[in-house]
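Chain and residue survey
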Amino acid sequence: MAKRSSRAKPADSPTHEPDVFATDFDVHDFEDWLRVICWVEEVEPGDGAKATRRQAAALVMPRSSLAKLMQVLRVSAGQHRESGRHS
């Protein structure tokens, strides 16, 4: 299990739900909204270890907020690029 971050939630955060760890995503695209399903792969320990995929969370958002989400992700992910690597 992943270690939870000790970062404080933003003051304007609407909820205080626990963080969810995800390794994969599916998107259901509808006319006015999107549903993002977050999946996590769990590997059962043992000699015959096998991975199982389970839904960790789902986010439903209006299509109008997609541009803002993409902007925030670009800024956030852009800060963690490896040095010397260009896109």
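The residue count restarts for each chain, going from 1 along the sequence in the order it is written. For this predicted model, a pLDDT threshold of at least 70 governs which residues receive local features, and a threshold of 80 or more governs which side-chain atom pairs are given and counted, while totals over whole chains, interfaces and linings are taken from all residues. Water and hydrogen atoms were dropped before computing side-chain values, which therefore reflect all heavy atoms in the structure.

So, the overall build of the protein chain
Runs of H or I in DSSP of at least four residues are treated as helices and runs of E of at least two as strands, each being numbered from the N terminus. On a plain count of helices and strands, the protein chain comes out with one helix and three strands. Reading the helices (α) and strands (β) of the protein chain from amino to carboxyl end gives β-β-β-α. Between buried and exposed lies partly exposed: a residue is buried under 20% and exposed over 50% of the maximum accessible area for its type, with that area taken using a 1.4 Å probe on protein chains only. In the protein chain, which comprises 87 residues, the proportion classed as buried is 9%. Every residue pair with non-hydrogen atoms within 4.5 Å of one another is taken to be in contact. Within the protein chain, contacts between residues separated by at least 24 positions form 25% of all contacts whose residues are at least 6 apart in sequence. Values of accessible area rely on a 1.4 Å probe in the Shrake-Rupley scheme; residue burial ignores everything except the protein chains shown. Of the roughly 7,900 Å² that the protein chain leaves accessible, carbon and sulfur atoms contribute 54%.

Quick look at the pattern of salt bridges
Whenever a carboxyl oxygen of Asp or Glu lies within 4 Å of a side-chain nitrogen of Lys or Arg, that contact is scored as a salt bridge. Here the structure, examined in full by the defined rule, presents four salt bridges. A salt bridge links Arg53 to Asp24; the shortest N-O distance between them is 3.3 Å. Placement of Arg53 in strand β3 (residues 51–62) and of Asp24 in strand β1 (residues 24–29) is noted, with a sequence separation of 29 residues between them. A residue is classified by how much of its surface remains accessible, and Arg53, at 41% relative accessible area, is partly exposed.

Some points on the sheet that holds strand β2 (residues 33–43)
Strand pairing is assigned whenever DSSP identifies at least 2 bridges connecting the two strands. Here we have three strands laid out as an open sheet, ordered β1-β2-β3, and antiparallel in their pairing. Every other strand in the sheet has two partners, leaving β1 and β3 as the edge strands with one partner each. Neighbour to neighbour, the strand axes of the sheet diverge by 20 degrees on average, direction disregarded. Alignment of β2 against β3, held across eleven bridges, turns out to be antiparallel. Bridging from a neighbouring strand, Cys38 pairs with Ala57 of β3. In this description, a line fitted to the C-alpha atoms serves as the axis of each element, helices being fitted only across the stretch in contact, and the angle between N-to-C directions of two axes falls anywhere from 0 to 180 degrees.

Quick look at the confidence of the model for the protein chain
On average, the protein chain scores 80 in pLDDT, and the residues at 70 or more come to 71%. The lowest-confidence element of the protein chain is helix α1 (residues 66–78), averaging 90 in pLDDT; the highest-confidence one is β1, averaging 95. The pLDDT value expresses, per residue, how confident the predictor is, ranging between 0 and 100.

Focus: the pairing of β1
In terms of strand pairing, β1 meets β2 through six bridges, oriented antiparallel. What sits directly across from Phe25, in β2, is Cys38. Linkage of β1 to β2, two consecutive antiparallel strands, is achieved through a turn of three residues.

Examining the packing of aromatic side chains
Within 6.5 Å between ring centres, the rings of Phe, Tyr and Trp (the latter by its six-membered ring) count as paired, and their orientation is classed by plane angle as stacked under 30 degrees, edge-to-face over 60, tilted in between. In the structure shown here, the tally under the stated rule is one aromatic pair. Aromatic side chains Phe30 and Trp33 sit 4.2 Å apart centroid to centroid with 20 degrees between the ring planes, which places their arrangement in the stacked category. Under the relative-accessibility criterion, Phe30 is labelled partly exposed at 38%. According to the relative accessible area criterion, Trp33 is partly exposed, its value standing at 34%. Of note, Arg53 hangs over the ring of Trp39, and the distance from its end group to the ring centre comes to 4.1 Å. In this scheme, the term charge over a ring applies when either NZ of a lysine or CZ of an arginine sits within 6 Å of the ring centre and within 35 degrees of the ring normal.

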